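Structural overview
This is what each chain is made of:
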Amino acid sequence: MIEWAVYYAIYWIAGLSLKIGDDLLDELDRPKYAWAPLTIAGASFGLLMSASQWDLALIVSIIIGVVVSGKVNRPQFGVGFVVIAFVILVRGLPQITDPLWWSLIVMVLLMAAAADEYGNDWADDRTDGIGRAFFEHRFVLKITTMVLGVIVTPFFAAAIGMWVLDTGYEIAGRLTKSYVDRQGYSTHP
């Protein structure tokens, strides 16, 4: 039971630290403080990528999705990639039992992650509505992971992990918004 708690805690820390680092860069304009949380995010992502082929598929698709959509746009994100590489060198990658099936899962997740990233940008320009809420909270990837988890049952633990990661991400986003509201400022006009 403790193993599962640690496993999901790492997912939660990955989401929380990634959003804190991102918000320090984009919302609070404090880039020198972003290094620490992005280092923690990188370590968490590296640990997850080495946990199982299913976690690897999920995290690889998320990383490729954000890189392709242009969200990795500051040098501070580089520390996360360095730490991911280091953790993978130390722990190794999990065995992929069926490379063709694994690649198909990565492609489906990648399309969902990209749809979420582009949809999130679209939602930023909207004031309200179901579509805005759907993309603002990146439900395409979360729903896709659950569907895949039902179809490919060994992926189900990673699918739950995606929801846990996003919970950490959302909590950090709300904390940032609360801080910005209390301070009465934003770096965005």
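The rules behind the values
- Residues numbered from 1 in each chain as written.
- Predicted model: local features only at pLDDT ≥ 70, side-chain atom pairs only at ≥ 80, totals over all residues.
- Heavy atoms only, no water.
- Helix = DSSP H or I, 4+ residues; strand = E, 2+ residues; numbered from the N terminus.
- Expected span 1.5 Å × (residues − 1).
- Buried < 20%, exposed > 50% of the residue type's maximum accessible area, 1.4 Å probe, protein only.
- Contact = heavy atoms within 4.5 Å.
- Salt bridge = Lys/Arg side-chain N within 4 Å of Asp/Glu carboxyl O.
- Phe/Tyr/Trp six-rings, centres within 6.5 Å; stacked < 30°, edge-to-face > 60°.
- Lys NZ or Arg CZ within 6 Å of the ring centre and 35° of its normal.

1. Some words on helix α7 (residues 139-151)
Between its first and last C-alpha, α7 extends 18 Å over 13 residues, near the 18 Å set by a 1.5 Å rise per residue. Looking at α7, one finds that the buried residues are V140, L141, K142, T144, T145, L148 and G149.

2. Points about the environment of N120
By the element assignment, N120 lies in helix α5 (residues 99-124). Filtering out sequence-adjacent residues up to four positions away, N120 remains in contact with K71, F135, E136 and R138.

3. Quick word on the pattern of salt bridges
Note that side chains of opposite charge can pair when their charged atoms are close. All told, the structure shown has 4 salt bridges when counted by the stated rule. Between D23 and K19 there is a salt bridge, with the nearest N and O atoms lying 3.1 Å from each other. Highlighted residues: D23 and K19, both in helix α1 (residues 2-26), separated by 4 residues, approximately one helical turn. On the basis of relative accessible area, D23 is assigned to the buried category, the value being 3%. As a salt-bridge pair, D166 and K142 come within 2.6 Å of each other at their nearest N and O atoms. With D166 in helix α8 (residues 156-183) and K142 in helix α7, the pair connects residues that are 24 residues apart, well separated along the chain. Among the residues examined, D166 registers a relative accessible area of 6% and is labelled buried. For K142, a relative accessible area of 4% corresponds to the buried category.

4. Re the packing of aromatic side chains
Think of a pair of aromatic rings as described by two things: how far the centres are apart, and how the planes are tilted against each other in angle. As enumerated under the stated definition, the model contains 7 aromatic pairs in all. Considering the side-chain rings of Y8 and Y11, the 6.5 Å spacing of their centres and the 35 degrees angle between planes classify their relative orientation as tilted. Here the residue Y8 and the residue Y11 both occupy positions in helix α1, the gap between them amounting to 3 residues, near one helical turn. Ring centres 6.5 Å apart and planes at 80 degrees place the aromatic pair W54 and F155 in the edge-to-face group. Of this pair, W54 sits in helix α3 (residues 53-68) while F155 is found in the loop between α7 and α8, placing the two residues 101 residues apart along the sequence. Grouping residues by exposure puts W54 and F155 together as buried. Here a set of aromatic residues connected by ring pairs shows up, and it is made of W4, Y7, Y8 and Y11. Sitting over the face of the ring of F139, K142 holds its NZ or CZ atom 4.1 Å from the ring centroid.

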